Amino acid sequence: MTTSRCSATRSSPASRPRRPDPGPRKEPPGQDELTRATGENDALLATRDDRWYPTFHIAARAGWVNDPNGLSHFGGRHQVFFQHYPGGTNWGPMHWGHVSSEDLVTWRREPLALAPSLPEDADGIFSGSAVVGDDGVLRAYYTGHLWRNGVDDTDGSIQVQCLAESTDGVTFRKRGVVVQGPAELLHFRDPKVWRMGETWYMIFGASTVDQRGQVWLYSSEDMLAWEFDRVLYEDPDPRVYMLECPDLFPLGDSWVLLYSPMTTARATGYASRNGYNTGYVVGDWTPGEAFAARTEYRTADWGHNYYAPQSYGAPDGRRIVYGWMGSFTHPLASQALGGWAGQLTVPRELALGPDDRVRALPIAEIARLRRDSTDHGALTLEEDAPLVLLEDAQAYEVELVVDLEASTAEQIGLEVHRTGQGRCTWVAYDDLAGRVILDRRTVGGPGSAGTRSAPFDGGSTLRLRVLVDRGSVEVFVGDGEENLSSLSFPADGERTVALTAVSGTAAVTSLAVHRLAGIWESPDR
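The shown structure was predicted, so the numbers you read here are calculated from the model rather than taken from an experiment.

Cut-offs and rules
- Residues numbered from 1 in each chain as written.
- Predicted model: local features only at pLDDT ≥ 70, side-chain atom pairs only at ≥ 80, totals over all residues.
- Heavy atoms only, no water.
- Buried < 20%, exposed > 50% of the residue type's maximum accessible area, 1.4 Å probe, protein only.
- Helix = DSSP H or I, 4+ residues; strand = E, 2+ residues; numbered from the N terminus.
- Pairing = 2+ DSSP bridges.
- Polar contact = N/O pair within 3.5 Å; in protein donor to acceptor, adjacent residues only side chain to side chain.
- Contact = heavy atoms within 4.5 Å.
- Lys, Arg positive; Asp, Glu negative; His and termini not counted.
- Salt bridge = Lys/Arg side-chain N within 4 Å of Asp/Glu carboxyl O.

Asks: Let's hear about the pairing of strand β15 (residues 279-284): which residues, and what values?
Replies: Moving residue by residue along a regular strand, the side chains alternate between the two faces of the sheet. Buried residues dominate β15, accounting for five of its six residues. The pairing of strand β14 (residues 254-263) with β15 spans five bridges and is classified as antiparallel. The residue bridging Leu258 from the neighbouring strand is Tyr280, located in β15. Bridge analysis of β15 against strand β17 (residues 298-299) gives two bridges, and the strand direction is antiparallel.

What follows is the structure, given as structure tokens:
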């Protein structure tokens, strides 16, 4: 690994991050800020248009959403926080929104968890994670953000890692700064915390003064005083200048480093076509050592809208991950017309395949949302003769298995968000390319179009699982070897979904369609 000027601080104690004293327990600051932000969100909620608003995905009542934060299990409930600007539909001063669930099926909206209130977080409560200590306290670690010029990023920012504590999972008491990195760092954010034995570990994404993207590791015995350990990993591509939202976790006997690289490289081929992309490397890690990658960087999701995922360990041992479906680079139709912007993916369970590929499938609990299921069984679909599967299709799931050896079609797929006159988002297997595609060029609604494509190496059997909400599509290939997650805003009119074979026939082995219920325990407004 190339040693940068900042990574050299490991051997220069005078320049290493100091060990801060969080000071005495403080009274909860920011109640006025939380009350004000809630009032702004109430006003924005009155303008919300639900035609693309999700039914079975987590989103704020109104306003802007990005990264999932603070994923944890506390007080008998799964806790999901997220980056949130409650006062508008564009990115603004970040807060932490909050929802929780007892069973990962029915969700409760909780009050806003965190708002800017300290000098160190005056310009934003940036991303972070949450863990439960031996004392039963939920501790949220987040990046406090401050513009150096007080206005924007022209002169850079000051980013420090802060702590907030909760005994009920809802109300948080800020403890202030616990990690303050070297002043020369260009970026230093997104703490992810976990425990091994008696030691707590924390990683951050960092950008060095010579603009190399790194992951830094700290450790602590008491969750308050944190010591710099080492540069855990540096992206081998010198064009990658920052690794956002790093997450290090075990799958089997291996370790997965999941991160979102910021790069100056021009997109080529199928991968990294979005303004912001996410991937992972698989390798080995032992405390006291650097992370040793065994694989190259691999794409985590091939769709238009997947970024900043975060995972956590569920009480039953599953590794569950959420990602953000949104965009910093392309305006969303719901920003201008709906009063909201951004949602999270469905929760996915992660596993590691024998090929060291991370597999992601919707958690088993998603099946409990199914209503009015229809099993079409086996059938032969004739050329260019669409089979309509659902009318008035707002939220649903399609399970499709195709015998490719017995099929002659060039493309076999689903017309989702279909509103007539050729308008739809096309989810299909392309036999010419040997890939699964998601093409929203003809969906007809406002917003960015474009095609995305995932590799397919499933042999002669195609298995697709497709989850469609009012404004999004998530595609899972095979056993979750590849995924595509994209926002899709259909045109006005009744929505249907149809199965189609292009230029040939499709030998369908099995086909099932399920309408999906909503996730909220009380009326959404």
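Asks: Quick rundown of the side chain of Asn305? Include the residues and the values.
Replies: Here Asn305 shows up in the loop between β17 and β18 (307-313). Residue class for Asn305 comes out buried when judged on its relative accessible area of 5%. In terms of polar contacts, Asn305 uses its side chain to reach the side chain of Arg440, at 3.3 Å. Excluding residues within four positions of it along the chain, Asn305 makes contact with Asn274, Trp324, Met325, Gly326, Ser327, Arg440, Ser485, Ser486 and Leu487.

Asks: Mind laying out the side chain of Asp190, listing which residues take part and the relevant values?
Replies: Summarising the element assignment, Asp190 is placed in strand β9 (residues 187-196). Within the buried core, Asp190 has no salt-bridge partner, and the shortest N-O distance to an opposite charge, that of Arg189, equals 4.1 Å. With residues near it in sequence (within four places) discarded, Asp190 still touches Ser127, Thr143, Gln161, Ile203, Phe204, Glu244, Cys245 and Pro246.

Asks: Lay out the pattern of salt bridges with the relevant residues and their values.
Replies: As enumerated under the stated definition, the model contains 34 salt bridges in all. One salt bridge in this structure joins Arg298 and Glu296, with 3.2 Å as the shortest N-O distance. Owing to a relative accessible area of 12%, Arg298 belongs among the buried residues under this scheme. Close ionic contact of Glu397 with Arg370 constitutes a salt bridge, the shortest N to O distance being 3.0 Å. With Glu397 in strand β27 (residues 396-403) and Arg370 in strand β24 (residues 370-375), this pair connects stretches of sequence that are 27 residues apart. Given the relative accessible area of 0%, Glu397 is considered buried. Through salt bridges that share partners, Asp135, Arg139, Glu165 and Arg175 make up one connected network.

Asks: How would you summarise the pairing of β27 if you had to cite specific residues and measurements?
Replies: With six of eight residues buried, β27 lies mostly within the body of the structure. Examined bridge by bridge, β27 and strand β32 (residues 461-469) share eight bridges and lie antiparallel to one another. Along β32, the bridge assignment pairs Leu400 with Leu464.

Asks: I'd like a rundown of the environment of Ser101, residues and numbers included.
Replies: Checked against the element boundaries, Ser101 lands in strand β3 (residues 95-101). C-alpha of Ser101 to C-alpha of Glu521: the two residues are 420 residues apart in sequence and 9.3 Å apart in space. With residues near it in sequence (within four places) discarded, Ser101 still touches Arg77, His78, Thr106 and Trp107. Only 2.7 Å separates the side chain of Ser101 from the backbone oxygen of Thr106, close enough to count as a polar contact.

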